[in-house]
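# An overview of the molecular structure
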Amino acid sequence: MSKVTYFSGETFPLEMHKVRIIQKLTLLPIEERLRAIEEAGYNTFLLQNKDVFLDMLTDSGVNAMSDRQQAAMLTADDAYAGSATFARLHAKLNDFFGTRYFLPAHQGRAAEHILAKHFVKPGTLVATNYHFTTTKQHITALGGEVVELVDHAGVEVVSDNRFKGNVDVAAFERLVAERGAANFAFFRMEAGTNLIGGQPYSLANLRAVSEICHREGIPLVMDASLLADNLYFIKTREPECADWDIHDIVLAMANLCDVIYFSARKLGFGRGGGIVTNDQALYEQMRAWVPMYEGFLTYGGMSVREMEAITVGLDETLDEDMINQGPLFIAHFVTEMDKRGIPVVTPPGGLGAHVDAMRFLDHVDQRQYPSGALAAAVYLASGVRGMERGTLSEQREPDGSERISDMELLRLALPRRVFTLSQIQYAVDRIFWLYSNRQIVGGLKWVEEPEILRFFYGRLTPVGDWQHELVAKFREDFGDSL
Ligand SMILES: *Cc1c(COP(=O)(O)O)cnc(C)c1O
């Protein structure tokens, strides 16, 4: 909650920081945006950043650093082994999570790689509130199976459930009874559940999952990449924690888990990642993989400058005035779209605003990738780059058939401390225009479909010729405007 109320009775977020370094942006005319998206195979991952006005693809590694982070980078101690920088980061993580052991990795998915190598054997299963793309790939590549146990509210687009990332605890009990605890590689609790709209889970739910895990001897692993948002939501939405210090919430969560891993491209506003635990044996067993895949144990593929930035960034994560910026701006973005009738995921989560492509483009079949088409159309309409999170982001089933996604979302991520309210207002305006002309937009089909993580670098083309019709309508409505 913004701590400032306004005389006018309006509500809008207020930053508790000022901007002291800027980067100029360009907004290309729509005809050039059409050329750019065609060159990118209608895949926003393949756009060149120079052709993008507002980059809302992700919040990974693109959050703005603070003056204190930049200053800390200058004090980095560069050594292959045993640098003071690593010791500072390690000490900070021990303090932050209340843990003892830390394995550095170059980013979140590298930590997932090491965890999967350690825990996953062919035929084992990983239960999770909801899967994440890279995590699932690591698990299935080693012959493991991923089972999602998110409470049904998690996959309802419109909801007033404040913890849509919660696990259906009864379903977890049933799964243990059916499959046997010994067949679980681990349970994965993803904070700020990414693929269903950055939705949090409650401390109470984590406690319930932890109880079952510990009773049954199933290791509980937390993906803390999006922890900052989840902390803010626990603080503001879970009555038990309303008066708690943010750090006490972190410690209570960490204490319920056996292993925690994170992408420091998100947590800590830097670039890197790692695994922490209090289990010495586990630490020693996983340790072997770090020098093999990541780098020596005191950097794990991270630069010392980034490690210094993360150390300070973790401190800032415990400051409510710092971690509220993302959720408050996202809530504003979602509310402004909702007011105009644009279908969005509610309640607003962390990470970004999520547009419901299933309803926005309800005339496009899921086999023609409505959220992919919407991502391309929003880029055309505005120069804003979002990310498809729907059927296109799924892997095909082993028999080659499509795995149809529960939700078709266009994610418009808000990197922390990067965009202004007027830029968000512009995005809302153009998306509203597109919504008013949504019948023009059709689906996409493959030109080149890679077998693995196809959404990253696959190329597509429109079904029909809707892109040209959209450009013509834009010119008719906006004249010479960019
Ligand atoms: C981004 C993300 C990852 C992967 O982290 P990278 O640093 O991008 O490899 C894993 N889990 C979640 C929940 C994420 O949001």
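What you see is a predicted model, and the numbers here were worked out from it, not measured in a lab.

### Here's the deal with the packing of helix α3 (residues 84–97) against helix α9 (residues 246–255)
Two packed helices can be described by the angle between their axes and the distance between those axes. It is the contact of α3 with α9, at a shortest axis distance of 7 Å, that shows an interaxial angle of 85 degrees. The angle between the axes of α3 and α9 places the two elements in the roughly perpendicular class. Along the contact surface, α3 presents Asp95, Phe96 and Phe97, while α9 presents His247, Val250, Leu251 and Ala254. Considering only residue class, the contact of α3 with α9 consists of five nonpolar, one polar and one charged.

### Quick look at the site of the ligand
Close contacts around the ligand come from 14 residues, with Gln107, Arg109, Asp223, Ser263 and Lys266 the closest. Within the contact set of the ligand, an oxygen atom lies 3.4 Å away from a side-chain nitrogen or oxygen of Ser60. Between Ser263 and the ligand, the recorded distance is 2.6 Å, taken from a side-chain N or O atom to an oxygen atom. When the free accessible area of the ligand is taken as 380 Å², the share hidden by the protein chains comes to 98%. Class assignment for the residues of the shell around the ligand results in two nonpolar, six polar and six charged.

### A few points about the pattern of salt bridges
Tallied over the entire structure, the rule returns 30 salt bridges. With a closest N to O distance of 3.2 Å, Lys50 and Asp51 form a salt bridge. Judged by its relative accessible area of 5%, Asp51 is buried. The partner of Glu402 in a salt bridge is Arg454, and the shortest N-O contact between them spans 3.0 Å. Highlighted residues: Glu402 in the loop between β11 (387–389) and β12 (409–413) and Arg454 in helix α18 (residues 454–457), separated in sequence by 52 residues. For Glu402, a relative accessible area of 16% translates into the label buried. A single salt-bridge network, built from bridges that share partners, covers Arg35, Glu39, Lys50 and Asp51.

### Topic: the domain arrangement of the protein chain
In many analyses, interface size is given as the accessible surface area lost on bringing the parts together. Each assigned domain of the protein chain is listed here: domain 1 (2–59 + 322–478) and domain 2 (67–321). For domain 1 versus domain 2, the separation of C-alpha centres amounts to 27 Å. At the interface, 35 residues of domain 1 touch 41 residues of domain 2. Across the domain 1/domain 2 interface, buried area totals approximately 3,200 Å², and carbon plus sulfur atoms make up 53% of it.

### Considerations on empty space enclosed by the protein
Per the stated rule, a full pass over the model turns up six cavities of 30 Å³ or more. Roughly 120 Å³ of volume is contained in the largest cavity. Along its surface, the largest cavity is lined by 14 residues, and Ala228, Asp229, Lys266, Phe269 and Arg416 are the ones closest to its centre. For the lining of the largest cavity, the secondary structure elements donating two or more residues are α8 (227–237) and α13 (320–323). Across the lining of the largest cavity, the residue classes tally to six nonpolar, four polar and four charged. If you count residues domain by domain, the lining of the largest cavity takes at least three from each of domain 1 (2–59 + 322–478) and domain 2 (67–321).

### Things to note about the sheet that holds β11
Backbone hydrogen bonds are what pair the strands of a sheet, in a parallel or an antiparallel way. Reading across from one edge, β9-β12-β11 is the order of the three strands in this open sheet, with antiparallel pairing throughout. Strands at the two margins of the open sheet, each flanked by one partner only, are β9 (352–356) and β11. The average undirected angle you get between the axes of adjacent strands in this sheet is 30 degrees. Here five bridges tie β9 to β12, and the two strands are oriented antiparallel to one another. From the neighbouring strand, Val355 faces β12, where its bridge partner is Leu410. Helix α14 (residues 325–339) contacts β9 and β12 of the sheet and is inclined by roughly 25 degrees relative to β9.

### Regarding the nonpolar core
Grouped burial of nonpolar side chains is what soluble globular proteins tend to show. Counting residues in hydrophobic clusters, the biggest one holds 59 residues, and the most contacted among them are Phe333, Met337 and Leu434. Of the residues forming this core, the biggest block, nine residues, is contributed by helix α16 (residues 370–382). In this view, Leu434 contacts Phe360, Leu374, Ala377, Val378, Ala381, Val441 and Leu470; residues no more than four positions away in its chain are not counted. Formed by 58 residues, the second largest nonpolar core is a distinct cluster that contains Leu220, Tyr232, Phe233 and Ala254.

### Things to note about the layout of surface pockets
One way to see where empty space is left: roll a probe the size of a water molecule over the atoms. Taken as a whole, the largest pocket holds about 1,500 Å³ of empty space. Looking at the lining of the largest pocket, the elements that each hand over two or more residues are β1 (54–55) and α2 (67–73). In terms of residue class, the lining of the largest pocket is made up of 15 nonpolar, 12 polar and 11 charged. Residue assignment places the lining of the largest pocket across two domains, with domain 1 (2–59 + 322–478) and domain 2 (67–321) each supplying three or more.

### Quick notes on the packing of helix α6 (residues 169–179) against helix α7 (residues 203–216)
Where α6 contacts α7, the two axes come as close as 10 Å, and the packing angle between them is 15 degrees. Viewed along their axes, α6 and α7 adopt a mutual orientation that is roughly parallel. The hand of the α6/α7 crossing is right-handed. Counted together, Val169, Phe172, Glu173 and Val176 of α6 and Asn205, Ala208, Val209, Ile212, Cys213, Arg215 and Glu216 of α7 form the full contact between these two elements. Taken together, the residues that form the contact of α6 with α7 break down as seven nonpolar, one polar and three charged.

### Considerations on the sheet that holds strand β5 (residues 184–190)
Taking strand neighbours across the sheet as the criterion, the seven strands line up as β2-β8-β7-β6-β5-β3-β4 in an open arrangement whose pairing is mixed. Strand pairing shows two members of the sheet lacking a second neighbour, β2 (101–105) and β4 (145–148), which therefore form its edges. Each adjacent strand pair in this sheet contributes to an overall mean axis angle of 20 degrees, direction not counted. Across three bridges, the pairing between strand β6 (residues 220–223) and strand β7 (residues 259–263) is parallel. Its bridge partner lying in β7, Asp223 is registered against Tyr261. Docked against the sheet, α6 engages β3 (125–128), β4 and β5, running at close to 170 degrees with respect to β5. Along the sheet, helix α10 (residues 280–287) contacts β2, β7 and β8 (273–277); its crossing angle with β2, the most-contacted strand, is approximately 25 degrees.

Conventions and cut-offs
Residues numbered from 1 in each chain as written. Predicted model: local features only at pLDDT ≥ 70, side-chain atom pairs only at ≥ 80, totals over all residues. Heavy atoms only, no water. Axes fitted to C-alpha atoms, helices over the stretch in contact; angles between N-to-C directions. Helix = DSSP H or I, 4+ residues; strand = E, 2+ residues; numbered from the N terminus. Parallel < 35°, antiparallel > 145°, perpendicular 65-115°, else oblique. Contact = heavy atoms within 4.5 Å. Nonpolar A, V, L, I, M, F, W, Y, C, P; charged D, E, K, R; others polar. Near = heavy atom within 4 Å. Polar contact = N/O pair within 3.5 Å; in protein donor to acceptor, adjacent residues only side chain to side chain. Areas by Shrake-Rupley, 256 points an atom, 1.4 Å probe, with all protein chains shown as cover. Salt bridge = Lys/Arg side-chain N within 4 Å of Asp/Glu carboxyl O. Buried < 20%, exposed > 50% of the residue type's maximum accessible area, 1.4 Å probe, protein only. Domains from an automatic or database assignment. Buried area = accessible area lost by both parts, 1.4 Å probe. 1 Å grid on protein atoms, 1.4 Å probe; cavity = no way out; pocket = protein on both sides within 12 Å on 5 of 7 lines; lining within 4 Å. Points joined across faces, edges and corners; volume = space filled by probe spheres on them. Pairing = 2+ DSSP bridges. Core = buried A, V, L, I, M, F, W, Y, C linked by side-chain atoms within 4.5 Å. Left-handed = near helix turned anticlockwise from the far one by under 90°.

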